[in-house]
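Read off the chains here:
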Amino acid sequence: MPRPTREVADVFRAHGQRWRDSHVGHVSLAQLKVMSAVEHCRSEVLGGHVLHCPACEHTQIAYNSCRNRHCPKCQASAAKRWLTARQTELLPVDYYHVVFTLPNAISELAYYNKSVMYALLLKAAAKTLLTIGADTKHLGARLGVTFVLHTWGSAMTHHPHVHGIVPGGGLSLDGENWVSCKAGFFLPVRVLSRLFRRLYLEMLREAFEHNELLFFGKCLPIEEEIPFLAWLNNQRNVEWVVYAKRPFAGPQAVLAYLSRYTHRVAIANSRLVAMDKQTVSFKWKNYRVKEQNRHRTMMLTHDEFIRRFLLHVLPSGFHRIRHYGLTANTGRKKNLDKARQLLNVKVPIVPLDKEISGETKTHEPAATFVCPCCGAGMEVTEVLPHLYLPRAPPLMLN
């Protein structure tokens, strides 16, 4: 794939320092780290190495990546490794895509309480699916779900929601049978929506009672108990959106779909259209209009573009991909083995990287770096050091 002519890093390099200077005291350490990582990714600042091709004498410099999970250029390899690990977990059944979204009023408070309220979103969505799935009125089975948290809309606004991939069935409550959903129908979304709303609001009230929430900006008026409870009651009258898409066309289509969601960031470099001294233009989708008219181009000032991008910086250590039910980490292997036994299928065998590259046939390791001119293997002839070397602890003077 050709490299995009415009990148988010170009905006940060050209206007990032001015933005930081004008927002001193209003930018978190995590956001500053993301800006620095994106600006320096694959540049001489992070160091690199010189590659030489002995076949055609071609020489090139390859700079190191930042590997920050918010960087648009550093997600492809991480997504590939994650998907390879997930291949052995697929079952030969229909898979459904479900989406749980927070209302706008809740989203405003969630921005100031990312660790708490994003975790509640994942937990409430999972508990909703597992509870309704286990209800004998609907399916009467133990489900498994993989959730991926997204915090953005197509226009990079703050829009917290989770995407879930769920097999169309599960183990019976006694664990002795596989219970499948009706063809083309998973679970009633209205029932899911009502339970999701109740669970989330109950968890949010509990977090408030334990003083786990912070209030700033437009949320300051609900900082005290009485206005907060009144505001919470108003959210019970709001329609909470839960969406379930039709089943995928086989397990492999699930992996193809997952690859577009697991390691996505707020905006891909490929969506950038133009950048001048004042504005940045990018492609976006307006989901409120008909399909044929959804694709639009949005123009933002540099300051607004940077602000929107940094809205979606996650707290350090926050896990945005989580597994629940049958696919939870604690009992995944045991549960999947039982499911395959009941479905009468074998464990899929995923070839190792060396088998894919042909190492087992030629007994020679595949080249790590390939020459873009002739396709031969390239050699590292020089290592370029990091411009900012780690500092030693300060000397303790007696």
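As a reminder, the structure under discussion sits directly above these lines.
So, a few notes on the structure that sits alongside this text. Along every chain, residues carry numbers that run from 1 in the direction the sequence is written. Note on the predicted model: pLDDT of at least 70 is required for a residue's local features to be given, and 80 or more for side-chain atom pairs to be given and counted; whole-chain, interface and lining totals, by contrast, use all residues. Hydrogens and water molecules were not included; the side-chain quantities draw on all heavy atoms of the structure.

### What about the nonpolar core?
Now for step 1: Throughout this description, the term nonpolar core refers to a set of buried Ala, Val, Leu, Ile, Met, Phe, Trp, Tyr and Cys residues connected via side-chain atoms within 4.5 Å. The buried label goes to any residue with under 20% of its type's maximum accessible area, the exposed label to any with over 50%, and the partly exposed label to all in between, with areas taken from a 1.4 Å probe on protein chains only. By size, the foremost hydrophobic cluster in this structure holds 50 residues, and its most contacted members are L129, F147, Y200, L204 and F228.
Now for step 2: Helix numbering and strand numbering both begin at the N terminus, where a helix is a DSSP run of H or I of at least 4 residues and a strand a DSSP run of E of at least 2. Of all the secondary-structure elements, those providing two or more residues to this core are β3 (95-101), α4 (104-112), α5 (114-134), β5 (144-152), β6 (158-167), α6 (189-209) and α7 (225-235).
Now for step 3: Within the second largest apolar cluster, 31 residues are counted, among which are L46, A266, F305 and F309.

### Comments concerning the sheet that holds β6
Now for step 1: Sheet architecture is open: five strands sit in the order β9-β3-β6-β5-β13, paired in antiparallel fashion. Each edge of the open sheet is held by one strand with a lone partner, namely β9 (242-244) and β13 (321-325). Taking the axes of each pair of neighbouring strands and ignoring which way they run, one obtains an average angle of 20° across the sheet.
Now for step 2: Examined bridge by bridge, β5 and β6 share six bridges and lie antiparallel to one another. Note on β6: the bridge partner recorded for V148 is H163. Two strands form a pair only when DSSP identifies at least two bridges running between them. All axes are obtained by fitting lines to C-alpha atoms, using only the stretch in contact for helices, and the reported angles, taken between N-to-C directions, cover 0 to 180 degrees.

### Remarks on the sheet that holds strand β7 (residues 169-172)
Now for step 1: Strands sit in the order β4-β7-β8 across an open sheet of three strands; the sheet is antiparallel. A single partner strand is all that each edge strand has here, and the edge strands are β4 (141-142) and β8 (178-180).
Now for step 2: In this sheet, β7 lies alongside β4 in antiparallel orientation, the contact comprising two bridges. From the neighbouring strand, R142 faces β7, where its bridge partner is L171.
Now for step 3: Should any heavy atoms of two residues lie within 4.5 Å, those residues are considered in contact. The strands touched by helix α10 (residues 332-343) within the sheet are β4, β7 and β8, with β7 carrying the most contacts at an inclination of about 95°.

### Points about the pattern of salt bridges
Now for step 1: Take a side-chain nitrogen of Lys or Arg and a carboxyl oxygen of Asp or Glu: if they are within 4 Å of each other, that pair is a salt bridge. By the definition in use, this model includes twelve salt bridges.
Now for step 2: Here E7 and K73 are joined by a salt bridge, their closest N and O atoms 3.2 Å apart. Here E7 is found in the segment before α1 (8-22), whereas its partner K73 is found in the loop between β2 (59-63) and α3 (76-86), with 66 residues between them in sequence.
Now for step 3: With a closest N to O distance of 3.0 Å, E239 and R194 form a salt bridge. Pair noted here: E239 is in the loop between α7 and β9 and R194 is in helix α6, with a separation of 45 residues, a long-range link.
Now for step 4: On the basis of relative accessibility, which here comes to 29%, the residue R194 falls in the partly exposed class.
Now for step 5: When salt bridges with common partners are traced through the structure, they connect E304, R307 and R308 into a single cluster.

### Remarks on unusual backbone geometry
Now for step 1: Although it is not a glycine, R42 adopts a positive phi angle of roughly 55°.
Now for step 2: Considering the arrangement of structural elements, one finds R42 in the loop between α2 (29-40) and β1 (48-52).
Now for step 3: With a phi close to 65°, R67 is a non-glycine residue in the positive phi region.
Now for step 4: Position of R67 among the secondary structure elements: in the loop between β2 and α3.
Now for step 5: Owing to a relative accessible area of 76%, R67 belongs among the exposed residues under this scheme.

### Here we look at the side chain of H161
Now for step 1: With respect to the secondary-structure elements, H161 resides in strand β6.
Now for step 2: For H161, a relative accessible area of 7% translates into the label buried.
Now for step 3: The term polar contact refers here to a pair of N or O atoms within 3.5 Å; inside protein, the definition further demands a hydrogen-donor-capable atom paired with an acceptor-capable atom, and it admits residues adjacent in sequence only when both atoms are side-chain atoms. Of note is the side chain of H161, whose polar atom sits 2.7 Å from the backbone oxygen of H159.
Now for step 4: For H161, the residues in contact, after removing those within four places along its chain, are V99, F100, T101, L121, V148, L149, H150 and W152.

### Observations regarding the pairing of β2
Now for step 1: For β1 and β2, the ladder comprises five bridges, and the chain directions are antiparallel. If you follow H52 over to β2, its bridge partner there is T59.
Now for step 2: If you look at the hairpin formed by β1 and β2, you'll find six residues sitting between the two strands, and E57 has a positive phi there, around 65°.

### Overview of α6
Now for step 1: Any helix carries an expected span of 1.5 Å times its number of residues minus one. When the terminal C-alpha atoms of α6 are compared, their 30 Å separation across 21 residues agrees well with the 30 Å that a helix rising 1.5 Å per residue should span.
Now for step 2: Turning to α6, its buried residues are L192, S193, L195, F196, R197, L199, Y200, L201, M203, L204, A207 and F208.
Now for step 3: Buried positions along α6 lie against β3, α4, α5, α7 and β9.

### Regarding the packing of aromatic side chains
Now for step 1: The rule is short: rings of Phe, Tyr and Trp, with Trp giving its six-membered ring, pair when the centres are within 6.5 Å, and they are stacked under 30 degrees, edge-to-face over 60, tilted in between. On inspection of all chains with the given rule, the structure shows 16 aromatic pairs.
Now for step 2: Residues F100 and F147 carry aromatic rings whose centres are separated by 6.0 Å and whose planes lie at 85° to one another, so their mutual orientation is edge-to-face. Here F100 is found in strand β3, whereas its partner F147 is found in strand β5, with 47 residues between them in sequence.
Now for step 3: Overall, F100 belongs to the buried group, its relative accessible area being 0%.
Now for step 4: When the centroid spacing of 6.2 Å and the interplanar angle of 75° are considered together, the rings of Y118 and F318 count as edge-to-face. Note that Y118 is positioned in helix α5 and F318 in the loop between α9 (302-310) and β13, a separation of 200 residues in sequence.
Now for step 5: Grouped by ring-pair contacts, the aromatic residues F100, F147, F196, Y200, W240 and Y324 constitute a single cluster.
Now for step 6: Counted as over-ring charges are cases with an Arg CZ or a Lys NZ within 6 Å of the ring centre that also lie within 35 degrees of the ring normal. Stacked on the ring of F318, the Lys or Arg R322 has its end atom at 4.8 Å from the ring centre.

### A look at a nonpolar patch on the surface
Now for step 1: Patch membership requires over 30% relative accessible area and the absence of a salt bridge. Like charges are linked within 9 Å, and nonpolar side chains (Val, Leu, Ile, Met, Phe, Trp, Tyr) within 5 Å. Method for areas: the Shrake-Rupley scheme with a 1.4 Å probe, in which residue coverage is limited to the protein chains shown. Together, Y112, L214 and F216 line one region of the surface with nonpolar side chains, adding up to about 280 Å² of accessible area.
Now for step 2: Within the element layout of this structure, L214 appears in the loop between α6 and α7.
Now for step 3: On the basis of relative accessibility, which here comes to 46%, the residue L214 falls in the partly exposed class.

Everything listed here is a matter of geometry and, on its own, says nothing about what the molecule does.
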